[in-house]
Amino acid sequence: MSADIYLNVAVGGLLTGLIYGLMALGLSVIFGVVRVVNFAHGEMMTVAMYLAVILFANYGLDPLLMMLPIAVLFFVAGYLMQLGLINPFITRPEYMQFILLLAVAIIIVNGVLIVFGPDAQTVQTSYAFDSFAIGPLIVDATKLYAGLAALVVASALFAFFRFAPLGKAVRACADNQIGALVVGLNVKRLYALSFGLGLACVGAAGAIIVLVVDVTPPLGPAYTLLAFVIVITGGLGSMSGALIGGVLIGLTEAMAGLFFTPSAKSMFAFAILVLVLLFRPQGIMGQKLS
Amino acid sequence: MIGRLLYDVPRHALWLLGLVLVGLIAAPLFANDYLLTVLILILYFAYTGQAWNILMGFAGQLSLGHALYVGLGAYVAAALYVHYGIGPWIGLPVAILISVASGAIIGFLAFRFGVAGVYFAILTIAFCEFARIGFDHLGWLGGSGGMFLPVSNHTQNDLWHLRGQPVMFYYLILLLTVLAFVLCHLMLRSRVGYFWQAIREDEEAARSLGIATFRYKMAAILVSSAMTAPAGVFYAFYYNNLFPEQTFFILRSIEIILGPIIGGVGTLFGPVIGAFVITGLSEALQELLTLYGFDTPGAKRVFYGVCLLVVVMVLPNGIWPPLARLLRLGRRRDTTERQP
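Residues numbered from 1 in each chain as written. Chains lettered and ligands numbered in written order. Predicted model: local features only at pLDDT ≥ 70, side-chain atom pairs only at ≥ 80, totals over all residues. Heavy atoms only, no water.

### A closer look at the overall build of chain A
Secondary structure summary: chain A contains 11 helices and 2 strands in total. Reading the helices (α) and strands (β) of chain A from amino to carboxyl end gives α-α-α-α-β-β-α-α-α-α-α-α-α. Over its C-alpha trace chain A gives a radius of gyration of 19 Å, about what one expects of a compact globule, namely 19 Å for 290 residues. For chain A, the spread of C-alpha atoms along the principal axes amounts to about 60 × 45 × 35 Å. In chain A, which comprises 290 residues, the proportion classed as buried is 56%. (Helix = DSSP H or I, 4+ residues; strand = E, 2+ residues; numbered from the N terminus. Rg over C-alpha atoms; globule rule 2.2 N^0.38 Å. Buried < 20%, exposed > 50% of the residue type's maximum accessible area, 1.4 Å probe, protein only.)

Here is the structure:
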């Protein structure tokens, strides 16, 4: 009996971890290419969550279907933001980029508070209470769909970077910016593309995660921190690392919630972060720091 | 020492500095209670910003977790006072000691293993968050329910127990700020200060010149955390209540660093001017919004964010460097101004 509980909680944590992974993937793509750390990551995610909630509440549109349009919208927003706002800051010191994105984060989190109010909002789908029984294992249907959706989006992104010429160009740009310029790539446009793709991940992840989590404005900063913990655990700039880190943190949080109190769960995520920074600062999948 | 303090400062700069100081000392004579609390807040951020500036502005290590040192200082002094009746002046050295110990742990872990830049910043956030959640579950220190210092109506200022009127706290924080300023000024021209700046500009080059970078980066975090702890003691006795959710909240760390960044990172006057601008702006916005009956929660912070955005876009080096040129205070060599 008790072993079943652990297994069930572990599977739940793993599926949530996949969504975390998708969110962190966005951060990792942006940092890996543009070398700017998006300190407004979680805040942008809450915007996607609210969009999904509105679309569901007003038009009955399922968040899993709305994932695509929201991701496209976020891509466009990210593309424009990189071109207009962030590009001038690329050569400036790190702390200036930090303050710039922090300002964006402050505007978003409080804008969301003004528009939607402080109360938690949620999506009640028709399949909210369904579950699948596989032997002794009971899997929550919502979590399963959500986790799979996150996996599909992440795979699509992996395929894009692996096979599409444009994806290869972005990787070339991330590897060696001068080299990319020399062979005639439009680095500025590729940066904008990467930022757009990073935000598309966030948009999709936000639309998916409303199925599992209620959205409130303070969730933004919490998710920003979580995304950092994940990408650093997995390896900043490494795409597979982000997914692995997401699953690891998802599992850790679920287990900490089971063994200790749920309120202390992020302490364990931070403990993992500290351990990783100590013994493998480049992260699980990251390349050796120069 | 006085000579060393003043040897290359232009005369009109000294007059200006003296004028500002006299203005600040005389301020309680003219300011009403509200203005006085705003001034206390400004000086508090000027002080903590100065302390943070040592680590980031002088030695180039971006800490986003300075609320940890404030919080530890506050909790240690408050716990000693509440549980054992030990006054703040005895609690202060203990608070500094514990704060420095935590700074030493973070610094040792980070600098030993070559953790720098963004990674160092995240590590400092992680420790602060760790403390926040940890203190939430520490019953002895009040847990998430908060810790309260006994408050009674004090007409007499009790400097020894730090119980009394805002005016006392004002002069206390003013004294702290002036001391921090002088200390930073001296450090910038000391051997250590030049080593720090070398590390900030190019750590590899500094090491190849024979500077023990690990030792001096450790020195920076130790001095910075030691200087931040008294601000915590002040915070505890001024506000009389401590909640982990508030004290160690990441926004507290960010508020500390906004002043120096707006004012000019690595400059002496940056943290002070930045604190005046950002806190003044924030309070003025609040007044303006209440005046027009626009009291939606969050509205103030949206404006705050927009102002921040504009400032970083227009003034990449902060307010102080262009202001210094305007006032022709561009004395001597460019030792304190950070070139991008």
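Structure's up, so let's keep going.
### A look at the packing of helix α1 (residues 2-34) of chain A against helix α9 (residues 219-234) of chain A
Residue and element names in this part refer to chain A. At their nearest, the axes of α1 and α9 sit 9 Å apart, and the two run at 80° to each other. When the axis of α1 is compared with that of α9, the two are roughly perpendicular. Touching Tyr20, Met23, Ala24, Leu27 and Ser28 of α1 are Tyr223, Leu226, Ala227, Phe228, Ile230 and Val231, all from α9. For the contact of α1 with α9, a count of residues per class yields 10 nonpolar, 1 polar and no charged. (Axes fitted to C-alpha atoms, helices over the stretch in contact; angles between N-to-C directions. Parallel < 35°, antiparallel > 145°, perpendicular 65-115°, else oblique. Contact = heavy atoms within 4.5 Å. Nonpolar A, V, L, I, M, F, W, Y, C, P; charged D, E, K, R; others polar.)

### With respect to the interface of chain B and chain A
Between chain B and chain A, the contact holds 41 residues from the first and 38 residues from the second. With both chains or domains summed, chain B and chain A bury close to 3800 Å², and 85% of this area falls on carbon and sulfur atoms. In terms of surface lost to chain A, no three residues of chain B exceed Val118, Tyr119 and Ile122 of chain B, which account for 17% of the buried area on that side. Connecting chain B to chain A are 0 salt bridges. Scanning the region where chain B abuts chain A turns up 1 residue pair in polar contact (both at pLDDT 80 or more). When contributions to the side of chain B that touches chain A are tallied by element, the ones reaching two or more residues are α6 (117-136), α12 (250-263) and α14 (299-314) of chain B. Taken together, the residues of the side of chain B that touches chain A break down into 32 nonpolar, 6 polar and 3 charged. (Buried area = accessible area lost by both parts, 1.4 Å probe. Salt bridge = Lys/Arg side-chain N within 4 Å of Asp/Glu carboxyl O. Polar contact = N/O pair within 3.5 Å; in protein donor to acceptor, adjacent residues only side chain to side chain.)

### Observations concerning the state of the cysteines
With the rule as written, the count across this model stands at 0 disulfides over all chains. Lacking any disulfide linkage, cysteine 201 of chain A is separated from the closest cysteine sulfur, that of cysteine 173 of chain A, by 17 Å. (Disulfide = S-S within 2.5 Å.)

### Examining unusual backbone geometry
One non-glycine residue, arginine 35 of chain A, adopts positive backbone phi at about 65°. Along the chain, arginine 35 of chain A falls in the loop between α1 and α2 (41-59).

### Quick word on the packing of helix α8 (residues 191-201) of chain B against helix α10 (residues 213-239) of chain B
Residues and elements named next belong to chain B. Contact geometry for α8 and α10: axes closest at 10 Å, N-to-C directions at 110°. In terms of their interaxial angle, α8 and α10 are classed as roughly perpendicular. Residues Val192, Phe195, Trp196 and Ile199 of α8 pack against Thr213, Tyr216, Lys217, Ala219, Ala220 and Val223 of α10.

### Re the packing of aromatic side chains
Following the criterion strictly, the structure yields 31 aromatic pairs over all chains and no others. Ring geometry for tyrosine 50 of chain A versus phenylalanine 116 of chain A: centroids 4.1 Å apart, planes at 10°, classification stacked. Of the two residues, tyrosine 50 of chain A is situated in helix α2 and phenylalanine 116 of chain A in helix α4 (residues 94-116); the sequence distance between them amounts to 66 residues. We classify tyrosine 50 of chain A as buried; its relative accessible area is 1%. Accessibility expressed as a relative area gives 26% for phenylalanine 116 of chain A, which makes it partly exposed. Pairing tyrosine 44 of chain B with phenylalanine 45 of chain B gives two aromatic rings, centres 5.3 Å apart and planes at 70°, and the pair type is edge-to-face. The pair formed by tyrosine 44 of chain B and phenylalanine 45 of chain B is uniform in burial state, with each residue classed as buried. Grouping aromatic residues by their ring pairs yields a cluster made of Tyr44, Phe45, Phe169, Phe234, Tyr235, Tyr238 and Tyr239 of chain B. We note arginine 92 of chain A situated over the ring of phenylalanine 89 of chain A; from NZ or CZ to the ring centre the distance is 4.2 Å. The ring of phenylalanine 214 of chain B has arginine 112 of chain B sitting right over it, with the charged end atom 4.3 Å from the ring centre. (Phe/Tyr/Trp six-rings, centres within 6.5 Å; stacked < 30°, edge-to-face > 60°. Lys NZ or Arg CZ within 6 Å of the ring centre and 35° of its normal.)

### Quick word on the pattern of salt bridges
All names here are of chain B. As enumerated under the stated definition, the model contains 6 salt bridges over all chains in all. For glutamate 129, the salt bridge identified is with arginine 132, shortest N-O distance 2.7 Å. Pair noted here: glutamate 129 and arginine 132 are both in helix α6, with a separation of 3 residues, about one helical turn. By the burial criterion, glutamate 129 is buried, and arginine 132 matches it. Arginine 207 is the salt-bridge partner of glutamate 204, the closest N and O atoms lying 3.0 Å from each other. Separated by 3 residues within a single helix, glutamate 204 and arginine 207 lie in helix α9 (residues 203-208), roughly one turn from each other. Residue glutamate 204 is classed as exposed on the basis of its relative accessible area of 54%. Salt bridges sharing common partners tie together Glu129, Arg132 and Glu245.

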